[in-house]
Every structure is written in C-alpha cells, then in structure tokens.
Amino acid sequence: MNEKKVLLTIFGATGDLAQRKLYPSLFRLYRKGVLADHFAVIGTARRPWSDEKYHQVITETIKDLEPTAAEEKEFSSHFYYQSHDVTDTSHYDTLKELSNKLDKKYQLEENRLFYLAMSPNFFGTIVSHLKSQKMLEVDGFHRVIIEKPFGSDYASAYKLNEEINQVFEEDDIYRIDHYLGKEMIQNLSAIRFANNIFESIWNNRYIDNVQINIAEDLGVEERGGYYDKSGALKDMVQNHILQILSLLAMEPPVAFSEKEIRAEKIKALEAVRIYSENEVRENFVRGQYTAGNIEDKNFEGYHSEANVASDSTTETFVAGKLLVDNFRWSGVPFYIRTGKRLTEKGSRINIIFKQVPFNLFKNDINAACDNGSLPPNILTIYIQPTEGFSLSLNGKEIGQGFTTVPIKLEQRNSSEIIENTPEAYEKLLLDALNGDGTNFTHWDEVAQSWRIVDVIRNTWDKEDASPLPYSAGTMGPKEAFELLEKSGSTWIWQPDDWYKDRGLL
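Each value, and the rule that gives it
- Residues numbered from 1 in each chain as written.
- Predicted model: local features only at pLDDT ≥ 70, side-chain atom pairs only at ≥ 80, totals over all residues.
- Heavy atoms only, no water.
- Buried < 20%, exposed > 50% of the residue type's maximum accessible area, 1.4 Å probe, protein only.
- Helix = DSSP H or I, 4+ residues; strand = E, 2+ residues; numbered from the N terminus.
- Pairing = 2+ DSSP bridges.
- Right-handed = clockwise from strand over helix to strand, strands pointing away.
- Axes fitted to C-alpha atoms, helices over the stretch in contact; angles between N-to-C directions.
- Contact = heavy atoms within 4.5 Å.
- Phe/Tyr/Trp six-rings, centres within 6.5 Å; stacked < 30°, edge-to-face > 60°.
- Lys NZ or Arg CZ within 6 Å of the ring centre and 35° of its normal.
- Polar contact = N/O pair within 3.5 Å; in protein donor to acceptor, adjacent residues only side chain to side chain.

Visitor: Account for the pairing of strand 5 (residues 142-146), naming residues and giving values.
Guide: Extensive coverage of strand 5 is indicated by the burial of four of its five residues. With five bridges connecting them, strand 4 (residues 112-116) and strand 5 associate as parallel partners. Within strand 5, the position partnered with Leu116 by the bridge is Ile146. The parallel pair strand 4 and strand 5, bridged by helix 5 (residues 123-132), forms a crossover whose chirality is right-handed. Two strands pair when backbone bridges link them, and strand 5 and strand 6 (residues 173-175) are joined in this way by three bridges, in the parallel orientation. Within the sheet, the bridge partner assigned to Ile146 lies in strand 6 and is Arg175.

Below, the structure is given as structure tokens:
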C-alpha cells in the first residue's frame, strides 16, 4: 500500500472509542506501511496528560497485537498530546501551532484529518473554531470524521449538519457507521452484482421476504446513561439496519463508484414507506428485557441496570416490518429485529425466496412443511461473529422414493481468516485517508433515515403503554413472532429453540 502523509487530530483521545478501536486500527495501518515516516497524531481531551502518559496508553492499547519493542517505540513516538477545552479559543491557537510544527517535522504536505470522537453537542463548536482560527487554510486536504449519533431526530440532525456545512463541504465530511466497514456488509454488493443467479431473481417476483437481524446477548453494560436516552430504535435501526436495507434494496449502480452507489442507496431509502401512526402500531413491536436466565446464568432486568431510571420506558428491543414502495420491491416485507440481552450475539440477513408454483412432492409428508409446502430456499448472509453465507435447497434423500430433504450449501470464513480480516475501523480510516466516502453515510441518507424513524418514535412517545416485557436470554416478546405469523411468515433465525430443546432456557 502507498504510504499516506497526514496529521490526524483526535478530539476525545482519552475515551473508550479511541483506546478500543482507533489506536489498534492505526497500528495495523502502520504495520502494513500505510502509515510510516510521514504521519503524526495529536490527541486532545480535557485530561492533563503528558506525551509520556499518552505513549503509555497507546502502548497498552496495542499490546494484543504483539508489537516488537522497536515497533512499539517508533509507532508511539508519532503521537502527541494536548490538554484541550473545545470551548476555549486560545486552545485552538496552541493546537494550530503544534499542527504546523508537526507538519514540518514529518513533511505532511498540510494534509489534515480531524476525528471527532466525542459528544455531538460539541461538533459545531469544534468545527467553527477550526475555521475561525484558520486551521483549515492549508494546501493539502482537510477532512472530518464524525461518530454517531448524528442528531437525536431529524430536526437536531439538520441543525448539526448546517453547522458542519458552514465549515466543511459534504465531500469532506465522513459520517462513520462502523457496520459499513464489516467484511460481509461490503460483500453484499459482490454477492448481488457479481452473481447473475441472484441478481436476476432479486425482486418481488421471486423473493417472499427479507429478514435483517442484529442481536446482542449483552445488556446495556456501562452505557446505561446513554442508552436510556436513546433506545434500540435510535441506537440500531436509524443507522445500522437502514444502511443494510439500503444496500439490499438499491438498484444496480451504473458504476461501482462512491457517487453512483450513494445515489442508489438514497433512492432506496426514499422508497421506504413512511408510516402513519396506525401503521406503526400495526407493523412495529418494542420490548424491554426483564430478569432471566440461560445456561444457568442469571441476568437482571433493564430497570436494575446502572444509570437506568427505575420507571424507564426505553425500548431495548425492536421488531418491525418495513415496505419499499418501488417497482422492484412492491409487496415484499423487510422484517427487522434487534435487541439487547437476546439469546445469542449475531448479525445475519435472511433472503427468503418464494415457493415453486406447484409442489410435486406435496403427498410426501417427510418433504413438506406443516401446510403441505416445501421448505423455502433461503440465502443467509452471516455478518458476525461468523462471516460467510449459505443457501438452503431441497434435494432428494438417498434411497428409495422421492423423499426430499433440506440441503445447505455453505461457505464460512475460518477463524484464522476472520482474525486476519481488517477491523471495520481500520478499513474506514483507510477510506478516509484515501478520500473515499463510499462506506460512509451521506447527509441525504441520514436525513431520510431520521424521517422514517421519527414517525415511529413520535407514535410511541404519544402512547401511555410501556414496552412489552421479554425475559433476558430469549429472542424478544411473543408479539415479535406474531408480527410475522399474521402474514404467514416466521423468523428464520430462532437460536432460542436450541436452548429450549435442551432445557437450558
């Protein structure tokens, strides 16, 4: 890979995100030669750290990557720390002075990348100071990476976007959704557009329904304060799930380029039906986990979590049906499901294909489902923790007669491959260094996602009802299963059945 020349300034450099994701990802890029002699990192935060303290933290965050002593010393030497109050104008003057000094020392050609790894409340303040103190008047590029959440509804997101657009052009704004950096999410386009067997039937003539699952087995952990103000709808549906839906539903781009892919994703999101309040009540279920146990492990309920209000009505689970009103997808439901304290951690997509027009084997009770039909063909895309895909078919059982049995064609990446696959943040940081915004979210995508979600959120906020309870360790309230049953469908992924069959749940 070609070496990149850049000064990366991280606002929020002492935080959890920087230590868990950013520093290890930067080290991987360093080890691959993307970052070498001509890069520097300025870490800023309120804590009064020294450069030496900062280097100790950097060293600790990369120890699992087993750096040599030479790598550790050389890599950390490129990091500089400045205690910084983002509201104090004078601190930006000091930051500018250090930036210019490092630019000369490392011959960075005035390329500046700013990473805002802190509360969105400060985004507008930071970028306005970058402009007022002339930190962006450089000969090289100047780009800004922004973490989610991008607003808490459409109105706040619009206001935030206006503030940032006063300083940065849209092409220089990189809104991170780390799901877009995952290997199998990036593989969706290859599965669709490089295989005519799928692209030719990727429409409402052949697909019965689509299911998007993002399940977490953990509770809110130390994020109780943040999560209680957000909930599953804003935390997962507005960004990750709707981004996945846009990749699944978009039309083939005329070229595999940032501009064309973005255009098609935006069209797909604009085709998602924005529900009325009655449609929200009919098509969405929200839940909240209560105490439960699985495999002899006991878990407390959401109300008992730290920093969560005892009477909180925040949802920890969402299941719903979305419709895409265009020629390709008319009538095909996109079922979504996400939640905390579910049976297993896992993200997967199920594409359920329609039945054959006539079942020749309907008299064979071993071949058919309860309703006399054959099991459907299903394409499953595994995103995490395992990566790969499978295709379920119906085949003939070995022996006399024509008893059919399910057959699964499957490809899973080995643990060795997964371990060596670039981490999502590594990929996205490299994309930002390259000026490639394909795997970041455009403002038009963010805006439309909020329009879709705001109607759901506002409908719930008007109701007195609390979220439906579900026991920790299960796959959500029974109403989430009934949501599909009333349309003659069922969730394909039901990991709780395995535990129930063995008396573990």
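More follows now that the structure is in view.
Visitor: Explain the sheet that holds strand 7 (residues 207-215) to me, using residue names and the numbers behind them.
Guide: If you walk across this open sheet you meet the nine strands as 16-15-14-13-7-12-11-8-17, and the pairing is mixed. At either end of the open sheet lies a strand with only one pairing partner, and these are strand 16 (404-412) and strand 17 (468-471). Going from strand to strand, the sheet's axes swing by 20° on average, the running direction of each strand aside. Pairing analysis gives four bridges linking strand 8 (residues 284-290) to strand 11 (residues 317-323), with the strands arranged antiparallel. Across the sheet, the residue bridging to Phe284 is Gly320, located in strand 11.

Visitor: Now, about the sheet that holds strand 4: what can you tell me, with residues and values included?
Guide: Read across the sheet, six strands follow the order 3-2-1-4-5-6 without closing on themselves; strand pairing throughout is parallel. Of all the strands in the sheet, just strand 3 (79-83) and strand 6 have a single pairing partner and so form its edges. If you compare each strand with its neighbour and ignore which way they point, the axes differ by 20° on average. Across the sheet, helix 5 lies against strand 1 (6-11), strand 4 and strand 5, angled at about 160° from strand 4, the strand it touches most.

Visitor: Please provide a residue-by-residue account of the packing of aromatic side chains, values included.
Guide: Throughout the structure, instances matching the rule amount to 26 aromatic pairs. When the centroid spacing of 5.2 Å and the interplanar angle of 80° are considered together, the rings of Phe27 and Phe75 count as edge-to-face. Here Phe75 lies in helix 3 (residues 69-76) and Phe27 lies in helix 1 (residues 16-31), a separation of 48 residues in the sequence. Here Phe27 and Phe75 have matching classes, each one buried. Relative to Tyr106, the ring of Tyr80 lies with its centre 6.3 Å away and its plane at 70°, an arrangement referred to as edge-to-face. Of this pair, Tyr80 sits in strand 3 while Tyr106 is found in helix 4 (residues 89-106), placing the two residues 26 residues apart along the sequence. Considered together, Tyr80 and Tyr106 belong to a single accessibility category, that of buried residues. For the cation-ring pair, Arg175 lies above Phe150, with the distance from its terminal atom to the ring centre recorded as 5.1 Å. Here the basic side chain of Arg337 rests over the ring of Trp491, its NZ or CZ set 4.2 Å away from the ring centre.

Visitor: An account of helix 14 (residues 424-434) is needed here, citing residue identities and associated values.
Guide: Burial analysis of helix 14 places 10 of its 11 residues in the buried class, the great majority of the element. Looking at the buried positions of helix 14, the neighbouring elements they touch are strand 1, helix 1, strand 4, strand 5, strand 6 and helix 7 (183-186). Capping the start of helix 14, Glu423 holds a side-chain oxygen 2.7 Å from the backbone nitrogen of Tyr425, two or three residues further along.

Visitor: Tell me about unusual backbone geometry, and name the residues and values.
Guide: Between Lys148 and the following residue, Pro149, the backbone shows a cis peptide bond with an omega angle of 5°. Position of Pro149 among the secondary structure elements: in the loop between strand 5 and helix 6 (154-165). In the segment running from Gln384 into Pro385, the intervening peptide bond is cis, with an omega of 0°. Counting through the fold element by element, Pro385 comes out in the loop between strand 14 (378-384) and strand 15 (388-396). With a phi close to 55°, Gln107 is a non-glycine residue in the positive phi region. Position of Gln107 relative to the elements: it lies in the loop between helix 4 and strand 4.

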